[in-house]
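Overview (structure and organization)
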Amino acid sequence: MQTRKLGQQGLEVSALGLGCMGMSEFYGRGDEAESMATIHRALELGINFLDTADMYGPFVNEVLVGKAIGDRRDKVILATKFGNVRGEKGEFLGIRGDAAYVRQACDASLKRLGVDHIDLYYQHRVDPNVPIEETIGAMAELVKAGKVRYLGMSEAAPETIRRAHKVHPISALQTEYSLWSRDVEAQVLPTVRELGIGYVAYSPLGRGFLTGQIKRPEDLAEDDYRRHSPRFQGENFQRNLNLVAEVERMAQEKGCSPAQLALAWVLAQGEDIVPIPGSKRRRNLEDNAGALTVQLSAEDLARMDRILPPGAAAGDRYAAAAMQALNR
């Protein structure tokens, strides 16, 4: 397995990670046994970078991941997040980044995961009501206490990242990045590269759309949140489907799957980028892992730029309310 460095503090992970969110929520019903088997298969393949968050489930995704890695903790680089507050019934209660909540959230995650430290701890969303210096300062105390090894941020604006990095080195920034979500190329990627911060790309398969497996809204389970996502609705759906058809055509020519082609494109954007495609089934995980063997020439990359240039996808990344929590 190829590895990549995130930041300049010593964090090194597999070139491809595994997003675990969909095992517990948002993408239809989960299967705990298959999810556990998928995590174990990832580790067998050398994919050691696992991504979860306290809000997924809510709460139960961390329990699932902790159960899966219990007897193989030393083989895992474990990342989790705090900041999106959920209630026991799944209700969304806003965003918190105050110092007291940072400490409380970390202790709760450690308990659910069944571990004594978190390798990479992210602020999931920036709290606009708390100075970033307070949030990162509290996270830095967790590093001193040995509860956390490296710090990360998610969906933060360039100026916020700069302020945070002055308080304590940030090892990784996580935001959405794929062939159909390229807005980070304008300011966010240049900022983290200037500061020496690694980049973790979530939803590198466009929430599954770029795999070519979703041909109509009915292909999604009734409780799948993507049914309410702007890019999966109305005219946007068909416009985006037409773009994916071009990706499928090129993948066929390259002798790989559309998912492998889309992931290979993200991997080719820089050695400081680590995509974390979500999988809750072994067969999809194994297909994704094949992206590491797909070679893209300069001509291939130029063609993909023509197919899906920045801004090509129809519709916002999230519904209006969730969009407000990005890039701040």
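Looking at an unreviewed UniProt entry, one finds the protein chain named Aldo/keto reductase and attributed to Noviherbaspirillum autotrophicum.

**Considerations on the overall build of the protein chain**
Assigned secondary structure in the protein chain consists of eleven helices and twelve strands. Over its C-alpha trace the protein chain gives a radius of gyration of 19 Å, about what one expects of a compact globule, namely 20 Å for 328 residues. Along the longest, intermediate and shortest principal axes, the C-alpha atoms of the protein chain span 50 × 40 × 40 Å. The contacts in the protein chain between residues at least 6 apart in sequence include a share of 75% that link residues at least 24 apart. About 13,800 Å² of surface is accessible on the protein chain, with carbon and sulfur atoms providing 47% of the total.

**Describing the state of the cysteines**
According to the stated counting rule, one finds zero disulfides in the structure shown. With no disulfide of its own, Cys20 has Cys106 as its nearest cysteine by sulfur position, at a separation of 18 Å.

**With respect to the sheet that holds strand 9 (residues 148-154)**
Here eight strands make up an open sheet; going across it, the order is 3-4-5-8-9-10-11-12 and the pairing parallel. Looking along the sheet, the strands with just one partner apiece sit at the ends: strand 3 (18-19) and strand 12 (273-275). In the sheet, strand 3 pairs with strand 4 (residues 49-51) via two bridges, with the strands oriented parallel. Residue pairing for strand 4: Gly19 is matched across the bridge by Asp51.

**Re the packing of aromatic side chains**
Here the distance between the centres and the angle between the planes together describe a pair of aromatic rings. Summed over the entire model, instances satisfying the criterion amount to nine aromatic pairs. An angle of 5° between the planes, with centres 6.0 Å apart, marks the rings of Tyr27 and Tyr225 as stacked. Pair noted here: Tyr27 is in the loop between strand 3 and helix 1 (32-44) and Tyr225 is in the loop between strand 11 (198-202) and helix 7 (234-254), with a separation of 198 residues, a long-range link. Seen from their ring centres, Phe209 and Phe237 are 5.2 Å apart, and the 65° between their planes marks the pair as edge-to-face. Linking Phe209 in the loop between strand 11 and helix 7 with Phe237 in helix 7, this pair joins segments that are 28 residues apart in sequence. Here Phe209 matches Phe237 in class, with each residue buried. Among the aromatic side chains, those forming a connected cluster through ring pairs are Trp180, Phe209, Phe232 and Phe237. Residue placement shows Arg207 over the ring face of Tyr318; its charged tip is 4.7 Å from the ring centre. In this structure, Arg226 is placed above the aromatic ring of Tyr27, and the distance from its NZ or CZ to the ring centre is 4.1 Å.

**Let's talk about the environment of Gly234**
In this structure, Gly234 sits in helix 7. What makes Gly234 exposed here is its relative accessible area of 63%. C-alpha separation for the pair Gly234 and Gly315, spaced 81 residues apart in sequence, amounts to 9.9 Å.

**Some words on the pattern of salt bridges**
For the structure on display, the rule yields 28 salt bridges. With a shortest N-O distance of 2.7 Å, Lys67 and Glu32 are connected by a salt bridge. On the criterion of sequence distance, the pair formed by Lys67 in helix 2 (residues 60-69) and Glu32 in helix 1 is long-range, its members being 35 residues apart. Within the structure, one salt-bridge network assembled from shared partners comprises Glu155, Glu176, Arg207 and Arg317.

**Topic: the nonpolar core**
In terms of nonpolar packing, the biggest core is built from 87 residues, with Leu18, Ile39, Leu173, Tyr177 and Tyr199 touching the most fellow members. Sort the elements by how many residues they give to this core and helix 8 (residues 258-267) lands first, with eight residues. Listed in part, the 16 residues of the second largest apolar core include Phe49, Tyr150, Tyr202 and Tyr318.

**Some points on helix 1**
For helix 1, built from 13 residues, the straight-helix expectation of 18 Å at 1.5 Å per residue is met to within 8% by its first-to-last C-alpha distance of 18 Å. Every buried residue of helix 1 is listed here: Glu34, Ser35, Met36, Thr38, Ile39, His40, Ala42 and Leu43. Of the surrounding elements, those touching the buried residues of helix 1 are strand 3, strand 4, helix 2 and helix 9 (282-289). The backbone nitrogen of Ala33 lies 3.1 Å from a side-chain oxygen of the residue at the head of helix 1, namely Asp31. Positioned one or two residues after helix 1, Gly46 has a phi angle of 95°, which is positive.

Procedures and definitions
- Sequence order as written defines the numbering, with residues in each chain counted from 1.
- With pLDDT at 70 or above as the cut-off, local features in this predicted model cover only qualifying residues; side-chain atom pairs require 80 or more to be listed or tallied, and sums for whole chains, interfaces and linings still use all residues.
- No hydrogens and no water enter the side-chain calculation; it runs on all heavy atoms of the structure.
- Put simply, DSSP marks the helices as runs of H or I at least four residues long and the strands as runs of E at least two long, and each gets a number from the N terminus on.
- Restricting the calculation to C-alpha atoms gives the radius of gyration, and the globule rule supplies 2.2 Å times the number of residues raised to the power 0.38.
- Any two residues whose heavy atoms approach within 4.5 Å are treated as being in contact.
- Where accessible areas are quoted, they stem from the Shrake-Rupley method and a 1.4 Å probe; at the residue level, only the protein chains shown are allowed to cover.
- Disulfides are defined as cysteine sulfur pairs within 2.5 Å.
- Two strands pair if DSSP finds at least two bridges between them.
- Side-chain rings of Phe, Tyr and Trp, where Trp is taken by its six-membered ring, are said to pair if the distance between their centres is within 6.5 Å; with planes under 30 degrees apart they count as stacked, over 60 as edge-to-face, and otherwise as tilted.
- Exposure is judged per residue with a 1.4 Å probe applied to protein chains only, and the accessible area is read against the type maximum: over 50% gives exposed, under 20% gives buried, and values in between give partly exposed.
- By the criterion adopted, a ring carries a charge over it if an Arg CZ or a Lys NZ lies within 6 Å of its centre and within 35 degrees of its normal.
- Salt bridge, as applied in this entry: a Lys or Arg side-chain nitrogen positioned within 4 Å of an Asp or Glu carboxyl oxygen.
- Side-chain atoms within 4.5 Å link the members of a nonpolar core, which is a set of buried Ala, Val, Leu, Ile, Met, Phe, Trp, Tyr and Cys residues.
- Here the expected span of a helix is defined as 1.5 Å times the quantity of residues minus one.
- Identification of polar contacts relies on pairs of N or O atoms within 3.5 Å, with a donor-acceptor requirement for protein atoms, meaning one able to donate a hydrogen and the other able to accept it, and with residues adjacent in sequence counted only if both atoms are side-chain atoms.

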